[in-house]
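Topology and contacts: notes
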Amino acid sequence: MTVTTARPVVLIAEELSPATVEALGPDFEIRYCNGADRAELLTAIADVDAILVRSATKVDAEALGAASRLKVVARAGVGLDNVDVRAATQSGVMVVNAPTSNIVSAAELAVALMLSAARHISPAHAALRGGEWKRSKYTGIELFEKTVGIVGLGRIGVLVAQRLAAFGMHVLAYDPYVQAGRAAQVGVRLVDLDTLMAESDFMSVHLPKTAETMGLIDADALAKAKPSLVLVNAARGGIVDEGALYDALKTGRIAAAGLDVFAAEPCTDSPLFELDNVVATPHLGASTDEAQEKAGLAVARSVRLALSGELVPDAVNVQGGVIAEDVRPGIPLAEKLGQVFTAVAGEVAQQLDVEVRGEIADHDVKVLELAALKGVFAHVVGEQVSFVNAPLLAAERGVAVRLITDPDSGDHRNLVTLRGTLADGTQVSVSGTLVGIAQKERLVEVNGYLVDIEPTDHLAFFTYVDRPGMVGTVGQILGEALVNIAGMQVSRETKGGEALVALSVDSAIPADALAQIETAIEATSIRAVDLL
């Protein structure tokens, strides 16, 4: 009999390039819906594993609450104004975007708006279409040897600065999070915002929309500008106060503006559209064939990674970055160690150290901390635990987590140890490593006892006073319970002292069998864990 496994379901809620679906490949069931239709979205999202959106679909707490299986929200673009990232994080849902897909397109549009505003392209074109030849009326200005101020020196801001430098412009920038040395590397002089407003002949805004940046370019800022200033905003609506901008343009406080974004979108009725010294476009920054294809391909790759349990470099709500190939095999090991740790501890630790020792300590191993936390909470909470919400779960429960690295790993090439302190001060530790060319997982230490056992799906750990016959007793009880032992190891501190039996078994040990073992060997501790 052939057993078929249901494929993960990916919901495409807005029009994406055909290359996006091709990049997802045949491993997924693809569904479509109109994400802008709220009722249709809430119905369609109920049983999908991933959703791909652009800017019209709002993935908020309500939508996330309606999605029982959702693991990934993928935004085919840069901004995430339409995705509630905090709610997604609390739900354990990964949010990914395509942060570099449209940067060239956005930078080119900003330059296009600047040139159009400087040369009155929009009103001159409208006049010509209306049968009027107004050549003398629309005398413009050159960019050459003028000063341009870039507000926000991120990836797009840098691209704009580089392109405008090629026009022979002097480039200033305001960005409180960029060092002067970094700005100098791209030929930009870093200044404060007041200086930029006062010295710029042109300015272009390239900031994210945050509580800090909303209304940043307001009436007070515009009052410091030259009357000849041409202002461009192709970043996010609301950063430039539209009312203050209208007044400044209407009264001649500044000369012109080029706008691609607005505080409320879609925007088809604004006083700004009545002014001849405004050139406006309907949020076209990412609207090129190249940008759309790049965005679709990027999020398709991210969805494939996320649904296969991998970390995703473009995930905005997951700590960590690109995973080194030498580190990658340790991810499932660290997760299993987390499950073993909680089972052995019998509770959630108050302090948890994730120690990574050996050659891999030279790499970024933050992912191993995330994997360990994912394992720690796997059987503790009712909700799905992921790389996304595991740190949040730790914080909510007051668990202090530290990542410790050391190139010295003693007897092992690499070693991952979880070491924690419980509420009563008890110390708990488990360690694991990878051995051989095949990188086989091995559990090598439990609470100071040295072991060497494969972390299979079903494990058990018993501590008792070392004396003859105990191993046979354990084996007999498990045999009667029809539980087959795959591996067993006894570790002890001293002859006749405390001993640990570590077991890997082929099936879960029934509760009554565990109780029998506890009584028969007078166990001081008995723990079972299912790594499923």
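For the protein chain, an unreviewed UniProt entry supplies the name D-3-phosphoglycerate dehydrogenase and the organism Nocardioides albidus. Listed under Pathway (unreviewed entry) in UniProt, the entry text for the protein chain is "Amino-acid biosynthesis; L-serine biosynthesis; L-serine from 3-phospho-D-glycerate: step 1/3." Its UniProt record gives the protein chain the following Sequence similarities (unreviewed entry) comment, quoted word for word: "Belongs to the D-isomer specific 2-hydroxyacid dehydrogenase family."

1. Description of the pattern of salt bridges
Evaluated as defined, the whole model comprises 25 salt bridges. Where Arg31 meets Glu29, a salt bridge forms, and the shortest distance between an N and an O atom there is 2.9 Å. On the basis of relative accessible area, Arg31 is assigned to the partly exposed category, the value being 27%. Among the ionic pairs, Arg492 bridges to Asp466, the shortest N-O distance being 2.6 Å. Linking Arg492 in strand E20 (residues 485-492) with Asp466 in the loop between strand E19 (458-465) and helix H16 (470-480), this pair joins segments that are 26 residues apart in sequence. On the basis of relative accessible area, Arg492 is assigned to the partly exposed category, the value being 45%. Among the ionic contacts, a cluster of salt bridges with common partners joins Glu355, Arg357, Asp406 and Arg419.

2. Quick look at helix H17 (residues 511-520)
Taken together, the buried positions of H17 are occupied by Ala513, Leu514 and Ile517. Along the axis of H17, the buried positions cluster into a sector of 100 degrees, meaning they face one direction only. Turned more than 90 degrees away from the buried face of H17, the exposed residues are Ala511, Asp512 and Thr519. In this structure, the buried residues of H17 make contact with E19, H16 and strand E22 (525-530). Just past H17, the residue Glu522 takes up positive phi, approximately 55 degrees.

3. With respect to the layout of surface pockets
One number sums up the size of the second largest pocket: a volume of about 290 Å³. In terms of lining, the second largest pocket is formed by 18 residues, of which the most central are Asp326, Ile360, Asn414, Leu434 and Gln439. Looking at the lining of the second largest pocket, the elements that each hand over two or more residues are helix H13 (330-345), strand E15 (414-421) and strand E16 (427-435). For the lining of the second largest pocket, the element with the most residues is E16, which contributes 4 residues. Taken together, the residues that form the lining of the second largest pocket break down as 8 nonpolar, 7 polar and 3 charged.

About the thresholds
- Residues numbered from 1 in each chain as written.
- Predicted model: local features only at pLDDT ≥ 70, side-chain atom pairs only at ≥ 80, totals over all residues.
- Heavy atoms only, no water.
- UniProt positions renumbered as here; feature names shortened; annotations may be inferred.
- Salt bridge = Lys/Arg side-chain N within 4 Å of Asp/Glu carboxyl O.
- Buried < 20%, exposed > 50% of the residue type's maximum accessible area, 1.4 Å probe, protein only.
- Helix = DSSP H or I, 4+ residues; strand = E, 2+ residues; numbered from the N terminus.
- Arc of directions from axis to C-beta.
- Contact = heavy atoms within 4.5 Å.
- 1 Å grid on protein atoms, 1.4 Å probe; cavity = no way out; pocket = protein on both sides within 12 Å on 5 of 7 lines; lining within 4 Å.
- Points joined across faces, edges and corners; volume = space filled by probe spheres on them.
- Nonpolar A, V, L, I, M, F, W, Y, C, P; charged D, E, K, R; others polar.

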